[in-house]
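Architecture and fold: a report
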Amino acid sequence: EAAVTQSPRNKVTVTGGNVTLSCRQTNSHNYMYWYRQDTGHGLRLIHYSYGAGNLQIGDVPDGYKATRTTQEDFFLLLELASPSQTSLYFCASSPHRAEVFFGKGTRLTVV
Amino acid sequence: GEKVEQHQSTLSVREGDSAVINCTYTDTASSYFPWYKQEAGKSLHFVIDIRSNVDRKQSQRLTVLLDKKAKRFSLHITATQPEDSAIYFCAASIASSSFSKLVFGQGTSLSVVP
């Protein structure tokens, strides 16, 4: 069974704070993704990567940085968190143009 | 950029009836169309997909239809059961680009009522 593990599962931070969301996959997949899920918007792609050191900009990248340090690890960084970034964040991995496997999500609240 | 639209935010059907969820996409280069299911409080998991070289794919009670001319695809669920109640997301991936970007629709919340 493909595995994508996100941490933390829940996070509360203050406006202007610094947050790092972590994701590790043990599927040997090339692609990894960060999405945010908000009511009425579905899943929106923040950043994605095709392998260690590779980074592609998604559809809603403003306020987010990402880094793919290894084939397994993909991080999402919010350096100056804002209340508009309160959301449910999903990390996912996939082979090229095939089934995507999602983590369980990280619920981030910016107060 | 590529957009995927699900115009039904909610759908309610009676148990045993069929449900149809529709999606449209904008980029003619899209060639891979998966569907995902999200049960309450849980993550998403894959249910079925279709590639642009076919116009129909069936897996048990699920059928996906693809109309490339209209840039439309749909998920059909027959003999619905209470456990089919969930949010269903369609998605589209562009095959011609160097990197595979998967864009999702807004989701359709399906309720199967007894």
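For the structure itself, consult the block above.
Read on for a plain summary of the structure. Predicted, not measured: the structure shown is a model, and the values here were computed from it.

About the criteria used
Sequence positions are assigned chain by chain, starting from 1 and proceeding in written order. Ligands are numbered from 1 and chains lettered from A, in the order in which they are written. The predicted origin of the model limits local features to residues at a pLDDT of at least 70 and limits the giving and counting of side-chain atom pairs to 80 or more, whereas totals for whole chains, interfaces and linings rest on all residues. Calculation of side-chain values draws on the structure's entire complement of heavy atoms; hydrogens and water are dropped beforehand. Pairing between strands is defined by DSSP: at least two bridges between them are needed. In this text, helices come from DSSP runs of H or I with a minimum length of four residues, and strands from runs of E with a minimum of two, each type numbered from the N-terminal end. Each axis is a line fitted through C-alpha atoms, and for a helix only the stretch in contact is used; angles between axes span 0 to 180 degrees, taken between their N-to-C directions. The criterion used for residue contact is that any of the two residues' heavy atoms lie within 4.5 Å. In short, buried area is how much 1.4 Å probe accessible area vanishes from two parts on joining, totalled over both. Salt bridge, as used here: a side-chain nitrogen of Lys or Arg that lies within 4 Å of a carboxyl oxygen of Asp or Glu. Whenever two N or O atoms come within 3.5 Å, that pair is a polar contact, provided that in protein one can donate a hydrogen and the other can accept it, and provided that, for residues adjacent in sequence, both atoms are side-chain atoms.

**A look at the sheet that holds strand 8 (residues 73-78) of chain A**
All names here are of chain A. Spatial ordering of the open sheet is given by 1-3-8-7, a layout of four strands whose pairing is antiparallel. In the strand order of this sheet, the two ends are held by strand 1 (4-7) and strand 7 (65-68), each with one partner. Shown here is a sheet whose adjacent strand axes are inclined to one another by a mean of 15 degrees, direction ignored. As defined by bridge partners, strand 1 adjoins strand 3 (residues 19-25) across four bridges and the pair is classed as antiparallel. Bridge pairing in strand 3 places Thr-5 opposite Arg-24.

**Overview of the pairing of strand 7 (residues 62-67) of chain B**
Residues and elements named next belong to chain B. Both strand 6 (residues 56-59) and strand 7 contribute to a ladder of four bridges, which runs antiparallel. Along strand 7, the bridge assignment pairs Gln-58 with Thr-63. A loop of two residues connects strand 6 with strand 7, the two strands running antiparallel in sequence, and Gln-60 in this loop sits at a positive phi of about 55 degrees. Taken together, the six bridges between strand 7 and strand 8 (residues 72-77) define a ladder with antiparallel strand orientation. The residue of strand 8 that forms the bridge with Thr-63 is His-76. With antiparallel pairing between neighbouring strands as the criterion, strand 7 and strand 8 make up a hairpin whose turn holds four residues, including Lys-71 at a positive phi of roughly 55 degrees.

**Description of the interface of chain A and chain B**
With 23 residues of chain A at the contact, the number on the chain B side is 21 residues. Of the roughly 1800 Å² buried at the junction of chain A and chain B (both faces included), carbon and sulfur atoms supply 57%. Sorting the residues of chain A by area buried against chain B places A:Leu43, A:Arg97 and A:Phe102 first, and these three jointly supply 32% of that buried surface. For the pair chain A and chain B, the interface holds one salt bridge. The shortest N-O distance in the salt bridge between B:Lys101 and A:Asp59 comes to 2.7 Å. Linking chain A with chain B are six residue pairs in polar contact (both at pLDDT 80 or more). Mapped by element, the contributors of at least two residues to the side of chain A that touches chain B are strand 4 (31-38) and strand 5 (42-49) of chain A.

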